[in-house]
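So you can see what is in the structure, the chains are spelled out below.
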Amino acid sequence: MSVRRIILILLLTSSFISVVITGMVWLFAELNTVKNEKILLTENSIINQKQALKNEVSQVLDYIDFKNQISTYRPNTLIQKEILTYIASIRFGNDGYVFVNTFDGNALVFDGKLINGKKDISDMTDPNGLKIFQLEMEAIQNTDGGFIDYMFKKMTDTIPQAKVSYIGSYRDWEWIIGAGDYYDNLTAKIEKIENKLLVETKSRIIKFLVTLLIISFLLFLYGVWISKKIREQNKIFSNYLQIEDKDQEQKLYNRLIIKELKDTGIELKNANLQTKQFADIIDQSLNEIYIFDSETLKFLYVNQGAELNIGYAQYELVKLSPLDLTPEIDSIEFEKLLNPLKSGKKSQIVFETFHQRKNKSMYPVEVHLQLTTFNEKSAFVSIVLDIAVRQEILQTLKESEERFRNIFEKTNAIMYIIDVEDGKLLDANSAAINFYGYTYKQFVEELFIHDLNILSKKEIKEEMELVRKGEKGYFNFKHKLKSGDFKDVEVFSGKVVLKDQDVLFSIVHDITERKKTEAELAKYQNSLEKLVKERTSEIGEKNKELIEKNKDLEKYHELFVGREFRMKELKDEIKELKQEKSPPAGLAGKK
């Protein structure tokens, strides 16, 4: 059978099935809709009917209350009679009316008629044995009233019918007010609406079936056309994949009208190109890649990297097996290595060994081995890494680590390493063990930095975060020894990477004695400053005394000097007086 015919049959079959399924789903949905509409119609009709009954009772209660309020000057008996006469005249729907009973079981308005005498209904029951008055009393226990269902005859008939009534009460007069309607009235309305709904549904179904037939015919014609186009596109697609000429390839690509074929063609072309490129990458990889048969262990493929490193040519390697390259592993041991892969317990195994080149030189390798399928055969893929350089690096790192360990252990400075995340003590040297008094096992297995540092865990975490960020590296702390003694320490801490983990490397100096000495010096300095202050104060007092004495001397001096000047003045005055009283020199001689 041709591809075109198969495609045509598939299209027609799928189209027919789609149409049938769609029709069945639509028909089922339509019938389900009709059913739901019927249920909803019934529920809504009952709800509406009950709400109408409740409204009737509410209006009557409002009327009674209104009449009672505006007729306070008239006797209750007269008001009640007017109200009952009005209630007896109320009609609604086909058979609806309002009835009134008293709390003690007497009917005032019964079966739509005013009762002038006394009619006891306290023991009245319906055909099912329900005590109607008892149901009414139970309904009015609720302040808002309630609904009751029972059997009761219509005003125009003697056969009881299913009825629903809403019961309320006017408690001032101990009246029960009820309004009821019959379910068969509702059923007649619902049946009328249902019949109309069914007629509309049948019409929709007939229209839908006609539409399905037209669509089916159109799908048949479309399927024939599609089948022809698909055959043409497949032929173009096949030619497009096989051709290598770029111009012809572009022309065939442009003739493809199916987007998926275009995308698939590009993907296949790219996949072929990538496969070729990937094969070239594998072939030119510096790592050694071997594929060997899972039964005979003979090499099926060896890349150029393996040829260059191992020293054998391709034609020589296809005659060999991995056992010829790994003299340290015999056939029994090699079979044990392969068993977990053959049994499916493992998907990959990795081991280290030595490869032997054609020139008999040896070099260390790391082998990654997997079980796969190659050219529809079970085969092993072996990717071999030359780890000679890596081993040299590891040896250098090992020597560096040993030098660090020697410095770490033999120095007298207290050193330890802390986990930056949780503060766990990871390592400590002998000086730290001796200083804190713990054993090495206790130090690295049990202790955290907060066991030594008296700061809170939160404060310690904040300080470690500063070190981790490189914002701080020097601290003064008070540490607690195992003995319970406290020591003042200064800590130099920095972040280092140890085995791919961020840790804090800390060097601790005991400064307890230095702190004591500083305290003593501070105490001596305070005493000296106090003594200086005291002596300064004494000198100040002496200076005050000297100043006072000096002032007294100045006053005495002023008095003494003043007196001397006054005596001199007096002497001068006396002298002058004497000169005035003495006669001139000539007169003195004549005498």
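The structure presented is a predicted model; accordingly, all values stated were derived computationally and were not measured.

A. Main features of the overall build of the protein chain. Looking only at helices and strands, one finds 15 helices and 17 strands in the protein chain. Put simply, the protein chain has 591 residues, and 31% of those count as buried. Long-range pairs, those at least 24 residues apart, make up 46% of the contacts in the protein chain with a sequence separation of at least 6. Carbon and sulfur atoms provide 56% of the accessible area of the protein chain, an area that totals close to 39,200 Å².

B. Structural view of unusual backbone geometry. Although it is not a glycine, Glu174 adopts a positive phi angle of roughly 55°. Mapped onto the elements, Glu174 comes out in the loop between strand S6 (160-170) and strand S7 (175-182). The phi dihedral of Glu376 falls on the positive side, at around 65°, and the residue is not glycine. Mapped onto the elements, Glu376 comes out in the loop between strand S11 (362-374) and strand S12 (377-386). When its relative accessible area of 80% is taken as the criterion, Glu376 is described as exposed.

C. Main features of the environment of Leu337. Relative to the helices and strands, Leu337 is located in helix H9 (residues 331-343). Given the relative accessible area of 23%, Leu337 is considered partly exposed. Distance in space between the C-alpha atoms of Leu337 and Val350 is 9.5 Å, their sequence separation being 13 residues. Not counting the four nearest positions on each side in its chain, Leu337 is found in contact with Ile329, Ile349 and Phe351.

D. Representation of the sheet that holds strand S10 (residues 349-356) in the model. Read from one edge of the open sheet, five strands run S9-S8-S12-S11-S10, paired in antiparallel fashion. On the outer flanks of this sheet lie strand S9 (299-302) and S10, each paired with one strand and no other. Between one strand axis and the next, the sheet turns through 30° on average, direction left out of account. Where strand S8 (residues 288-293) and S9 come together, three bridges link them in antiparallel fashion. Bridge pairing in S9 links Phe292 to Phe299. Contacts between H9 and the sheet are confined to S8, S10, S11 and S12, with S11 contributing the most and set at about 35° to the helix.

E. How the structure looks around H9. Spanning 13 residues, H9 covers 18 Å between terminal C-alpha atoms, matching the ideal 18 Å at 1.5 Å per step. Every buried residue of H9 is accounted for by Phe334, Leu338 and Leu341. The inward-facing, buried residues of H9 abut S8, S10, S11 and S12. The opening residue of H9 is Asp330, an N-cap whose side-chain oxygen sits 3.3 Å from the backbone nitrogen of Ile332.

F. Summary view of the pairing of S6. Extensive coverage of S6 is indicated by the burial of eight of its 11 residues. Taken together, the eight bridges between strand S5 (residues 146-153) and S6 define a ladder with antiparallel strand orientation. Each bridged residue has a counterpart across the sheet, and for Phe147 the counterpart in S6 is Tyr166. The antiparallel hairpin formed by S5 and S6 contains six residues in its connecting segment. Note: S6 against S7, eight bridges, orientation antiparallel.

G. A look at the packing of aromatic side chains. Here the structure, examined in full by the defined rule, presents 17 aromatic pairs. With a centroid separation of 4.9 Å and an interplanar angle of 70°, the aromatic rings of Trp173 and Trp175 are classed as edge-to-face. By the burial criterion, Trp173 is buried, and Trp175 matches it. Here Lys50 stacks its cationic end above the ring of Phe147, 5.3 Å away from the centre of that ring.

H. Inspection of the sheet that holds strand S15 (residues 474-480) at higher detail. Read across the open sheet, the five strands follow the order S14-S13-S17-S16-S15; overall the sheet is antiparallel. The sheet is open, and its two borders are formed by strand S14 (425-428) and S15, each paired with just one other strand. Taken over all neighbouring pairs, the strand axes of this sheet differ in orientation by 35° on average, direction set aside. In terms of strand pairing, strand S13 (residues 414-419) meets S14 through three bridges, oriented antiparallel. Its bridge partner lying in S14, Ile417 is registered against Asp427. Set on the sheet, helix H13 (residues 457-468) makes contact with S13, S15, strand S16 (486-498) and strand S17 (501-510); between it and S16 the angle comes to about 45°.

I. Focus on the side chain of Gln49. Tracing the backbone shows Gln49 in helix H1 (residues 3-70). Among the polar contacts made by the side chain of Gln49, one reaches the side chain of Asp181 at a distance of 3.4 Å.

J. Highlighting the nonpolar core. Within the largest apolar cluster, 26 residues are counted, with the highest numbers of intra-cluster contacts made by Tyr416, Leu425, Tyr436, Phe443, Ile449 and Leu452. At the level of elements, S13, S14, helix H11 (430-436), H13, S15, S16 and S17 are the ones that each hand at least two residues to this core. Excluding residues that lie within four positions of it along the chain, Leu425 makes contacts with Tyr416, Ile417, Ile418, Phe443, Val444, Leu447, Phe448, Ile449 and Leu452.

K. The arrangement of a nonpolar patch on the surface in detail. On the surface, a cluster of nonpolar side chains totalling about 680 Å² of accessible area is made up of Ile206, Val210, Ile214, Phe217, Leu218, Phe220 and Leu221. With respect to the element layout, Leu218 can be found in helix H4 (residues 183-242).

L. Quick peek at the pairing of S11. Bridge count between S10 and S11: eight bridges; the pairing is antiparallel. In the strand pairing of S11, Thr353 is matched with Val365. Between S10 and S11, which follow one another and run antiparallel, lie five residues, and Lys360 among them has a positive phi close to 75°. Pairing geometry for S11 and S12, over 10 bridges, is antiparallel. Paired with His368 across the two strands is Ile383, which belongs to S12. Linking two consecutive strands that pair antiparallel, namely S11 and S12, is a turn of two residues; a positive phi of about 50° is found at Asn375 within it.

M. Spatial organisation of H13. When the terminal C-alpha atoms of H13 are compared, their 16 Å separation across 12 residues agrees well with the 16 Å that a helix rising 1.5 Å per residue should span. The complete set of buried residues in H13 reads Ile460, Met464 and Val467. Buried residues along H13 cover an arc of 50° about the axis, so they all sit on one side. Just beyond H13, the residue with positive phi is Gly470, at close to 80°.

Parameters at a glance
- Along every chain, residues carry numbers that run from 1 in the direction the sequence is written.
- Local features in a predicted model are, by the rule used here, given only for residues with pLDDT of at least 70; side-chain atom pairs are given and counted only at 80 or more, and totals for whole chains, interfaces and linings are based on all residues.
- Side-chain calculation: all heavy atoms of the structure are included, whereas hydrogens and water are not.
- Each helix is a run of DSSP H or I of at least 4 residues and each strand a run of E of at least 2, with the numbering of both proceeding from the N terminus.
- Residue burial is assigned from relative accessible area. The probe radius is 1.4 Å, only protein chains are included, and a residue is buried under 20% of its type maximum, exposed over 50%, and partly exposed in between.
- It only takes one pair of heavy atoms within 4.5 Å for two residues to be counted as in contact.
- Method for areas: the Shrake-Rupley scheme with a 1.4 Å probe, in which residue coverage is limited to the protein chains shown.
- Strands pair, by our definition, only if DSSP identifies at least two bridges between them.
- Note on method: axes are straight lines fitted to C-alpha atoms, helices fitted across the in-contact stretch only, with angles between N-to-C directions ranging 0 to 180 degrees.
- An expected span of 1.5 Å times one less than the residue number is assigned to each helix.
- Polar contacts here mean pairs of N or O atoms no more than 3.5 Å apart (in protein, one a potential hydrogen donor and the other a potential acceptor; neighbouring residues in sequence count only if both atoms are side-chain atoms).
- Only Phe, Tyr and Trp rings take part, Trp by its six-membered ring, and two of them pair if their centres are within 6.5 Å. Stacked means planes under 30 degrees apart, edge-to-face means over 60, and tilted covers everything else.
- Criterion for a charge above a ring: Lys NZ or Arg CZ within 6 Å of the ring centre, and within 35 degrees of the ring normal.
- To form a nonpolar core, buried Ala, Val, Leu, Ile, Met, Phe, Trp, Tyr and Cys residues must be joined to one another through side-chain atoms within 4.5 Å.
- To count toward a patch, a residue needs a relative accessible area over 30% and no salt bridge; like charges are then connected within 9 Å, while nonpolar side chains (Val, Leu, Ile, Met, Phe, Trp, Tyr) are connected within 5 Å.
- For this document, the term salt bridge refers to a Lys or Arg side-chain nitrogen within 4 Å of an Asp or Glu carboxyl oxygen.
- Taken from the helix axis, the directions to the C-beta atoms give the arc we talk about.

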